[in-house]
Amino acid sequence: VLGGPGSGKGSQCERLAKEYSLVHISTGDLLRAEVQNKSWIGRQCAAIMAEGKMVPLSVILHLVKQNLKGSLPEQTRFLLDGFPRKLEQAETFDSEVVPVKFVVYFECSAESMKTRLLKRGETSGRS
């Protein structure tokens, strides 16, 4: 599930997951959990993000694979929220993890995303 920050990916994924018995995996949530738990990966990610850089694809794939394995074999349908961000990442995921069946893209104006992000910052502490 793709779209800009604040476009509604997480909110809609929660609804879709509930309605259709899907597993919702948010790469942002996975990264925040690792940082909060102060795991080795979390400490590395915190340092990378503090510099304003993107966490390497290998780390994201590792976290997603771990999460997927934790849900199998009971669940085989997943919503991957906020990943991939680049075509290369999609191709790697498709070949190394699991072939993608479909993509949902939320198109949202910059002004709407800004408004939503400001509201999210007030209510959740995330920006």
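So, a few notes on the structure that sits alongside this text. What you see is a predicted model, and the numbers here were worked out from it, not measured in a lab.

### Brief notes about the packing of helix H4 (residues 57–71) against helix H5 (residues 87–96)
(1) Moving on: Look at H4 against H5: their axes get within 11 Å of each other, and the N-to-C directions meet at 40 degrees. Classified by the interaxial angle, the pair formed by H4 and H5 is oblique. Judged by the sense of rotation from one axis to the other, the crossing of H4 with H5 is right-handed. In this structure, H4 contributes Leu57, Leu61, Val64 and Lys65 to the contact, and H5 contributes Gln89, Thr92, Phe93 and Glu96.
(2) Moving on: In terms of residue class, the contact of H4 with H5 is built from 4 nonpolar, 2 polar and 2 charged.

### Considering the nonpolar core
(1) Moving on: Counting 17 residues, the largest nonpolar core has Val64 and Phe83 as the members making the most contacts within it.
(2) Moving on: Residue contributions to this core peak at 7 residues, all from H4.
(3) Moving on: Not counting residues up to four positions away in its chain, the partners in contact with Phe83 are Val1, Leu2, Thr27, Leu57, Ile60, Leu61, Gln89 and Phe93.

### Brief notes about unusual backbone geometry
(1) Moving on: With an omega of 5 degrees, the peptide bond running from Phe83 to Pro84 counts as cis.
(2) Moving on: Assignment of secondary structure puts Pro84 in the loop between strand E3 (78–81) and H5.
(3) Moving on: Positioned with a positive phi, Lys38 is a non-glycine residue whose angle comes to about 55 degrees.

### Regarding the layout of surface pockets
(1) Moving on: The computed volume of the second largest pocket comes to approximately 740 Å³.
(2) Moving on: Mapped onto the lining of the second largest pocket, the elements with two or more residues apiece are helix H1 (9–20), H4, E3 and H5.
(3) Moving on: Top element by residues in the lining of the second largest pocket is E3. It accounts for 3 residues.
(4) Moving on: Among the residues forming the lining of the second largest pocket, the class breakdown is 22 nonpolar, 1 polar and 3 charged.

What counts, and where the lines are drawn
- Residues numbered from 1 in each chain as written.
- Predicted model: local features only at pLDDT ≥ 70, side-chain atom pairs only at ≥ 80, totals over all residues.
- Heavy atoms only, no water.
- Axes fitted to C-alpha atoms, helices over the stretch in contact; angles between N-to-C directions.
- Helix = DSSP H or I, 4+ residues; strand = E, 2+ residues; numbered from the N terminus.
- Parallel < 35°, antiparallel > 145°, perpendicular 65-115°, else oblique.
- Left-handed = near helix turned anticlockwise from the far one by under 90°.
- Contact = heavy atoms within 4.5 Å.
- Nonpolar A, V, L, I, M, F, W, Y, C, P; charged D, E, K, R; others polar.
- Core = buried A, V, L, I, M, F, W, Y, C linked by side-chain atoms within 4.5 Å.
- Buried < 20%, exposed > 50% of the residue type's maximum accessible area, 1.4 Å probe, protein only.
- 1 Å grid on protein atoms, 1.4 Å probe; cavity = no way out; pocket = protein on both sides within 12 Å on 5 of 7 lines; lining within 4 Å.
- Points joined across faces, edges and corners; volume = space filled by probe spheres on them.

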